[in-house]
Amino acid sequence: MLTSRPILDRMRRLATWRDPGEALIMDKFVIRGGNPLVGTVRISGAKNSALPAMAAALLTDEPVVLENIPEVRDIQTMRRLLVEMGAEVELEYDRAHKRTTIHCCGPIRPEAPYELVKTMRASTLVLGPLVARTGRARVSLPGGCAIGARPIDLHIKALEHLGASITQDHGYVEARAERLHGGHIVWDRITVTGTEELMMAAALAEGETVMENCAREPEVGDLAALLTTMGARIEGAGTATIRIHGVPRLTGARHHIIPDRISAGTFVVAGAMTGGDLTVAHCDPVHLGALLQKLAEAGVVVQVAGDSVRVTGDGHLLAADVNTEEYPGFPTDMQAQFMALATQADGSSVITENIFENRFMHALEMVRMGANIKIEGRRAVVRGKTPLSGAAVQASDLRASASLVLAALVADGETIIDRVYHIDRGYEHIEEKLRSVGAQVMRIGEMLPRRAALA
Ligand code: EPU
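Here's a quick rundown of the structure. (Residues numbered from 1 in each chain as written. Predicted model: local features only at pLDDT ≥ 70, side-chain atom pairs only at ≥ 80, totals over all residues. Heavy atoms only, no water.)

1. Section: the overall build of the chain
What counts, and what does not: The helix and strand labels rest on DSSP assignments: H or I over at least four residues marks a helix, E over at least two residues marks a strand, and numbering proceeds from the N terminus. Each radius of gyration is computed over the set of C-alpha atoms, and the globule rule expresses the reference value as 2.2 Å times the number of residues to the power 0.38. Between buried and exposed lies partly exposed: a residue is buried under 20% and exposed over 50% of the maximum accessible area for its type, with that area taken using a 1.4 Å probe on protein chains only. Per-residue and other accessible areas were derived by the Shrake-Rupley procedure at a 1.4 Å probe size, with only the shown protein chains allowed to occlude residues. Positive charges come from Lys and Arg, negative ones from Asp and Glu, while His and the chain ends are left out of the count. The location of each charge is read from NZ of Lys, CZ of Arg, CG of Asp or CD of Glu.
From N to C terminus, the chain includes 15 helices and 25 strands. Expected size for 455 residues packed as a compact globule is a radius of gyration near 23 Å; at 22 Å, the chain falls within 12% of this value. Dimensions of the chain along its principal axes, counting C-alpha atoms only, are 60 × 50 × 45 Å. Buried residues in the chain amount to 56% of all 455 residues. Put simply, the chain shows about 18300 Å² of open surface, and 51% of that area lies on carbon and sulfur atoms. The centroid of the 49 positive side-chain charges in the chain is displaced by 4 Å from the centroid of its 55 negative side-chain charges.

Written out as structure tokens, the structure reads:
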């Protein structure tokens, strides 16, 4: 039986994760709109690829080296989680390298505590690798978040299918298995991290696993590429059916994380909205297919050359309807940013969110800036073009924050965006990148007194 450590002890450890001398900072962005973005921005590695790749390092006792790791807060959270479990994790960010080396060679404490899972739901990605490698895992249930309920019931059901016995108590899910065995899983609905988690678990299971109705996101393919380098036998990643032949052990590996398609998409939309001439470099334009098609419909001139997308425009945009779908459809993670663009397009755009049930929080903030948006259930009707004016607004989640930055870039006057810690979770130095192409963005921090030390 896994015993959870006393709460105070855990809180003390969490407190020491802060760098010494670090104050609690509630950063805000101040943005003065009106400048077209001109120049080149370089896109980082994909956060949503790097997170499962880091979790995959739990599957082996040899070092896993991951290159092109984005310099964002969620990566720090995953590092903390892995260190907490007993892994050695080096994270190097310099001009030449952005990489992490993870070595899980010592004893593993197979527990993901609530304090970390509540700040980053992707922490639950360790459930599959932990039970596959150590035979047990205790992971906090994530609970709801700003964009929806986001349960992990399908992950749990699928792990049971591979022979894990699962119990839930005190807000934690506990999985046990001597050794997982292969199975046939048909996902009730497409889930990205569910597909990733089960692919990792099945890689070390005995026998063959076939998964149908899998997520086809590029991040799933990237994880499969890493696992294959580690010695896993996987076929079909990137299609709806993935076949995994379990192997007894996996080895270390070196792997380069794919570019972040959502960061790239966000900058492409920024270029289009501000009527600039922006080149988004070091991205994979193939991963941006649905977005680029929508932008063409909206009258944006986009040129693709190798690993760059150049977007030019005079700021004249046309309305376009969007339906979010699983990849290769239009990504839910670009819905908020596209809504910002739609406020500046002539005509009515209907934006339908099909993946998450509550992902329109940004619309209410945009309305405060002057946008005309009506929400009817899963649909938002955006009537453009409306002039936006700078206001104090609040970010509610990662992509919502990005959309408010975009709105602010075309607004009259200054916008102050509060709670930009959301944006720091997934966009690497966004204000510096924006400044380098002509935006007026400043980060301001409100210094709060340090918390009293825990006795
Ligand atoms: N769902 C269930 N049960 C489950 C799993 C999912 O009902 O067990 C539902 C979800 O509630 C949702 C839908 O299925 O309605 C799809 O969710 P999915 O599991 O695909 O989402 P996720 O894996 O939790 C990842 C990304 C999200 C991105 C979604 C959809 C990572 C770490 N996160 O989340 O990224 O929005 O896929 O593409 O890969 C972001 O980066 O801002 C972000 C939220």
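2. What about the site of the ligand?
The condition is simple: Proximity criterion: a residue is near a molecule or strand once any of its heavy atoms comes within 4 Å of it. For the purposes of these results, a polar contact is taken to be a pair of N or O atoms within 3.5 Å, where, inside protein, one atom must be able to donate a hydrogen and its partner to accept one; residues adjacent in sequence count only when each atom of the pair is a side-chain atom. Any residue outside Ala, Val, Leu, Ile, Met, Phe, Trp, Tyr, Cys, Pro, Asp, Glu, Lys and Arg is labelled polar, Gly included; the first ten of those are nonpolar and the last four are charged.
Among the 21 residues in the neighbourhood of the ligand, the closest are listed as Asp 153, Thr 191, Thr 193, Asp 333 and Ile 355. A distance of 3.0 Å separates an oxygen atom of the ligand from a polar side-chain atom of Asn 48. In the model, an oxygen atom of the ligand is placed 2.8 Å from a nitrogen or oxygen of the Val 192 main chain. Alone, the ligand offers 830 Å² of accessible surface; in the complex the protein occludes 89% of this. Those elements that place two or more of their residues in the shell around the ligand are helix H2 (47-56), helix H6 (153-161), helix H7 (192-203) and helix H13 (398-410). Counting residues per element, the shell around the ligand draws most heavily on H6, at 3 residues. For the shell around the ligand, the per-class residue count stands at 9 nonpolar, 5 polar and 7 charged.

3. With respect to the sheet that holds strand E8 (residues 165-169)
The line we're drawing: Following DSSP output, two strands are said to pair if at least two bridges run between them.
Judged by pairing direction, the sheet is mixed, and its 4 strands sit side by side in the order E6-E7-E9-E8 without closing on themselves. Strand pairing shows two members of the sheet lacking a second neighbour, strand E6 (111-112) and E8, which therefore form its edges.

4. Quick notes on the packing of aromatic side chains
So the rule is basically this: The rule is short: rings of Phe, Tyr and Trp, with Trp giving its six-membered ring, pair when the centres are within 6.5 Å, and they are stacked under 30 degrees, edge-to-face over 60, tilted in between. Charge-over-ring placement is defined geometrically: NZ (Lys) or CZ (Arg) within 6 Å of the ring centre, and within 35 degrees of the ring normal.
Going through the model one piece at a time under the given rule, you end up with 1 aromatic pair. For the ring pair Phe 330 and Phe 338, a centre distance of 5.6 Å and an interplane angle of 80° mean the geometry is edge-to-face. With respect to class, Phe 330 is no different from Phe 338; both count as buried. Positioned above the aromatic ring of Tyr 172 is the side chain of Arg 138, whose terminal nitrogen or guanidinium carbon lies 4.6 Å from the ring centre.

5. Things to note about the packing of H6 against H7
Note the following rule: Every angle, taken between N-to-C directions, lies between 0 and 180 degrees, and every axis is a line fitted to C-alpha atoms, over only the stretch in contact when it is a helix. In what follows, roughly perpendicular refers to angles from 65 to 115 degrees, roughly parallel to angles under 35, roughly antiparallel to angles over 145, and oblique to any angle outside these ranges. The sense of a crossing depends on the near helix, which, turned anticlockwise from the far helix by less than a right angle, makes the crossing left-handed and, turned clockwise, makes it right-handed. The criterion used for residue contact is that any of the two residues' heavy atoms lie within 4.5 Å.
The N-to-C vectors of H6 and H7 enclose an angle of 25°; their axes lie 9 Å apart at closest approach. Taken together, the axis directions place H6 and H7 in an arrangement best described as roughly parallel. Classified by chirality, the crossing of H7 by H6 is right-handed. Packed against H6, whose contacting residues are His 155, Ala 158 and Leu 159, the element H7 presents Thr 193, Gly 194, Glu 197, Leu 198 and Ala 201 at the interface. Looking at side-chain class alone, the contact of H6 with H7 contains 4 nonpolar, 3 polar and 1 charged residues.

6. Observations concerning the side chain of Thr 60
Inspection of the secondary structure puts Thr 60 in the loop between H2 and strand E3 (64-67). Here Leu 250 takes part through its backbone oxygen, which lies 2.9 Å from a polar atom of the side chain of Thr 60. When residues no more than four places from it in sequence are discounted, the contact partners of Thr 60 are Cys 104, Arg 133, Met 230, Leu 250, Thr 251 and Gly 252.

7. Section: helix H5 (residues 127-134)
With 6 of 8 residues buried, H5 lies mostly within the body of the structure. The set of residues buried in H5 consists of Leu 127, Gly 128, Pro 129, Leu 130, Val 131 and Ala 132. Looking at the buried residues of H5, the elements they touch are H2, E6, strand E7 (136-140), H6, strand E9 (172-176) and H7. Immediately beyond the C-terminal end of H5, within one or two residues, lies Gly 135, with a positive phi of roughly 85°.

8. Observations concerning the environment of Ser 349
Along the chain, the position of Ser 349 falls in strand E20 (residues 345-352). Separated by 112 residues in sequence, Ser 349 and Ala 237 place their C-alpha atoms 34 Å apart. A polar atom in the side chain of Ser 349 sits 3.1 Å from the backbone nitrogen of Ala 320.

9. Let's talk about the layout of surface pockets
As a reminder, the rule being used: With a 1 Å grid laid over protein atoms only, a set of points is called a cavity when a 1.4 Å probe fits there but cannot get out and a pocket when it is open yet has protein on both sides within 12 Å along at least five of seven lines; lining residues have an atom within 4 Å of a point. Grid points are joined across faces, edges and corners, and a volume is the space filled by probe spheres set on the points.
As a volume, the second largest pocket reaches approximately 650 Å³. In terms of lining, the second largest pocket is formed by 27 residues, of which the most central are Arg 42, Ile 43, Lys 98, Glu 428 and Lys 433. Looking at the lining of the second largest pocket, the elements that each hand over two or more residues are strand E2 (38-42) and helix H15 (430-436). Here the residues of the lining of the second largest pocket sort into 8 nonpolar, 9 polar and 10 charged.

10. Here's the deal with the pattern of salt bridges
This is how it is decided: Put simply, a salt bridge is a Lys or Arg side-chain nitrogen that is within 4 Å of an Asp or Glu carboxyl oxygen.
Applying the stated rule across the entire model yields 27 salt bridges. When the shortest N-O distance is used, the salt bridge between Glu 174 and Arg 176 registers 3.3 Å. Classification of Arg 176 as partly exposed rests on a relative accessible area of 31%. The salt bridge involving Lys 433 is made with Glu 428; its shortest N-O contact spans 3.5 Å. Neither Lys 433 nor Glu 428 differs from the other in exposure class; each is buried. Residues participating in the shared-partner salt-bridge network are Asp 27, Asp 424, Glu 431 and Arg 443.

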